[in-house]
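# Secondary and tertiary structure notes
This is what each chain is made of:
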Amino acid sequence: IGVCYAGTMFIFLSFMNVVDAQAAFAELRERKTVLFAFSLYCCTAALLHYSATVVTKHSSAVLRALLDVSRSALIWAVEISFGWDKFSFSELVGFVTMVSGTLIYGKTVNVPCFTYAVETEGSL
């Protein structure tokens, strides 16, 4: 579904002169490093989505969300350490807020002032 959507958007944006499709495909044909990077990206994206599905199936959606946030935080830390991005206190607050919210929503961390419904065996 994602490939069909991306292809449709690519064609639409090409007709709107937002994207130069001919130049993009020429880059893929002529520059092997671009083709390699594109292929590597496609493979890693497929692996990421497959592993996320497996984690959700065998563990929980909360763990999957935490892994997604951790991945984003790791990428951000690498960008800062290589000097590709500058440290932003607001981004740090955003990451802490996302992690805290995910942990509280998943009832991994119980906040004393919140009330939590007791789940029975058959209810979701």
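Everything that follows concerns the structure shown earlier in this document.
In this text the structure is predicted, and so the values were computed from the model without any measurement.

## What to know about the state of the cysteines
Evaluated as defined, the whole model comprises zero disulfides. Of all cysteine sulfurs, the one in Cys 43 lies closest to Cys 42, which takes part in no disulfide; the gap is 6.9 Å. Relative accessible area serves as the criterion here: at 36%, Cys 42 is assigned to the partly exposed category.

## Quick word on the packing of aromatic side chains
Counted according to the given criterion, the structure contains four aromatic pairs. Between Phe 10 and Phe 25, the aromatic rings sit 5.8 Å apart at their centres with planes inclined by 85 degrees, giving edge-to-face as the arrangement. Here the residue Phe 10 occupies a position in helix α1 (residues 2–15), and Phe 25 occupies one in helix α2 (residues 21–30), the gap between them amounting to 15 residues. On the accessibility criterion, Phe 10 (28% relative accessible area) is partly exposed. Judged by its relative accessible area of 46%, Phe 25 is partly exposed.

## A look at the packing of helix α4 (residues 61–81) against helix α5 (residues 89–105)
In the contact formed by α4 and α5, the axes pass within 9 Å of each other and the chain directions differ by 165 degrees. Relative to α5, α4 is oriented roughly antiparallel. As for the relative orientation of α4 and α5, their crossing is left-handed in sense. Touching Val 62, Ala 65, Leu 66, Val 69, Ser 72, Ala 73 and Trp 76 of α4 are Glu 91, Leu 92, Phe 95, Met 98, Val 99, Thr 102 and Leu 103, all from α5. Taken together, the residues of the contact of α4 with α5 break down into eleven nonpolar, two polar and one charged.

## Thoughts on the environment of Thr 115
By the secondary structure assignment, Thr 115 is in the segment after α5. Of the residues examined, Thr 115 reaches a relative accessible area of 78% and is grouped as exposed. Sequence separation between Thr 115 and Phe 12 is 103 residues; the distance between their C-alpha atoms is 49 Å.

## Observations concerning the packing of helix α3 (residues 32–58) against α4
Running from N to C, α3 and α4 cross one another at 145 degrees; their axes reach a closest spacing of 8 Å. For the pair α3 and α4, the sense of crossing is right-handed. Only Ala 61, Leu 63, Arg 64, Leu 67 and Arg 71 of α4 make contact with α3, whose side of the interface consists of Leu 48, Ala 52, Val 55 and Thr 56. Looking at side-chain class alone, the contact of α3 with α4 contains six nonpolar, one polar and two charged residues.

## Focus: the pattern of salt bridges
Summed over all chains, the structure comprises two salt bridges. Across the pair Glu 27 and Arg 31 runs a salt bridge whose closest N-O atoms are separated by 3.1 Å. Among the ionic pairs, Asp 68 bridges to Arg 71, the shortest N-O distance being 3.3 Å. With Asp 68 and Arg 71 both in helix α4 and three residues apart, this pair spans about one turn of that helix. Judged by relative accessible area, Arg 71 falls into the partly exposed class, the value being 36%.

Parameters and conventions
Residues numbered from 1 in each chain as written. Predicted model: local features only at pLDDT ≥ 70, side-chain atom pairs only at ≥ 80, totals over all residues. Heavy atoms only, no water. Disulfide = S-S within 2.5 Å. Buried < 20%, exposed > 50% of the residue type's maximum accessible area, 1.4 Å probe, protein only. Phe/Tyr/Trp six-rings, centres within 6.5 Å; stacked < 30°, edge-to-face > 60°. Helix = DSSP H or I, 4+ residues; strand = E, 2+ residues; numbered from the N terminus. Axes fitted to C-alpha atoms, helices over the stretch in contact; angles between N-to-C directions. Parallel < 35°, antiparallel > 145°, perpendicular 65-115°, else oblique. Left-handed = near helix turned anticlockwise from the far one by under 90°. Contact = heavy atoms within 4.5 Å. Nonpolar A, V, L, I, M, F, W, Y, C, P; charged D, E, K, R; others polar. Salt bridge = Lys/Arg side-chain N within 4 Å of Asp/Glu carboxyl O.

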